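Here are the chains, one letter per residue:
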Amino acid sequence: MNTKAKRIKELNDRLKLKCPRLWKDSQPYFSCVGEGWWDLIYRLCVKLEPLVSDKAGSAIGQIKEKFGTLRFYLLFSESVEMYNFIREAEEESAKTCEECGAPGKQREINHWVKTSCERCHKKRLIGNVNSRLELLVKFGFPCEEEEWSILIKEIADERNNSSESE
Ligand SMILES: [Zn+2]
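*Asks:* Go over the overall build of the protein chain, please, and point to the residues and values.
*Replies:* Looking only at helices and strands, the protein chain has five helices and four strands in total. Shown N-terminal to C-terminal, the secondary structure of the protein chain runs as helices and strands in the order α-α-β-β-α-β-β-α-α. Taking all 166 residues of the protein chain together, the buried fraction comes to 20%.

Structural data, given as structure tokens:
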């Protein structure tokens, strides 16, 4: 078992004990979002647990990332109090790096929004450039000229933004 799968299992087991009504099954919900949000989700579940009625069946529908923020769905209609807790966690996710949990913000690369800190964003940017260069090496000239100029502009913008914030 690799270490990430092991960490997911540990967290699932912890939640089944701590939140037995909310966290009934062992669905690997955490594998759908980055590890930087796991603590946030855990804290949310602990807040929701006392508000969940003790009825049969699963309570969590889905946990995922959409447009750079957390989405947390229950299988029953939540009370206003629960809704507010969920909304708070979703808002917190918009300021928390999904990768590492450090303070972050929503950033876009290739029309793909992710909430990330400065460091993880740069890693992502480099990964993006590397994957394009790999394609270039493999297939010759894979990208439209326009795509390259967008990429170069993104890197230049990013550099300007970083020096502004320093
Ligand atoms: Zn990060």
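Having seen it, we continue.
*Asks:* Give me the lowdown on helix H2 (residues 38-48), citing residues and values where you can.
*Replies:* Along H2, the residues that are buried comprise Leu40, Leu44, Cys45 and Leu48. The buried residues of H2 all sit within an arc of 135° when viewed along its axis, so they share a single face. On its buried face, H2 sits against helix H1 (3-18), strand S2 (69-74) and helix H3 (80-93).

*Asks:* Tell me about the pairing of strand S3 (residues 105-109), residues and numbers included.
*Replies:* Both S3 and strand S4 (residues 112-116) contribute to a ladder of five bridges, which runs antiparallel. Paired with glutamate 108 across the two strands is valine 113, which belongs to S4. Two successive antiparallel strands, S3 and S4, enclose a turn made up of two residues, where asparagine 110 displays a positive phi of approximately 50°.

*Asks:* Requested: an account of the nonpolar core, with residues and values cited.
*Replies:* Leu22, Leu44, Cys45, Leu48 and Ala89 are the most contacted members of the largest nonpolar core, which has 19 residues in total. Those elements that place two or more of their residues in this core are H2, strand S1 (60-66), S2 and H3. With four residues, the single largest contributor to this core is H2. Non-local contacts of cysteine 45, meaning those with residues more than four positions away in its chain, are made with Leu15, Cys19, Leu22 and Trp23.

*Asks:* Residues and numbers for the confidence of the model for the protein chain, please.
*Replies:* On average, residues of the protein chain score 83 in pLDDT, and 84% of them are at 70 or above. The lowest-confidence element of the protein chain is helix H5 (residues 145-165), averaging 68 in pLDDT; the highest-confidence one is H3, averaging 96.

Reading the values: the criteria
Residues numbered from 1 in each chain as written. Predicted model: local features only at pLDDT ≥ 70, side-chain atom pairs only at ≥ 80, totals over all residues. Helix = DSSP H or I, 4+ residues; strand = E, 2+ residues; numbered from the N terminus. Buried ≥ 20, exposed ≤ 12 C-beta atoms within 10 Å, placed from the backbone. Arc of directions from axis to C-beta. Contact = placed C-beta atoms within 7 Å. Pairing = 2+ DSSP bridges. Core = buried A, V, L, I, M, F, W, Y, C linked by C-beta atoms within 7 Å. pLDDT = per-residue confidence, 0-100.

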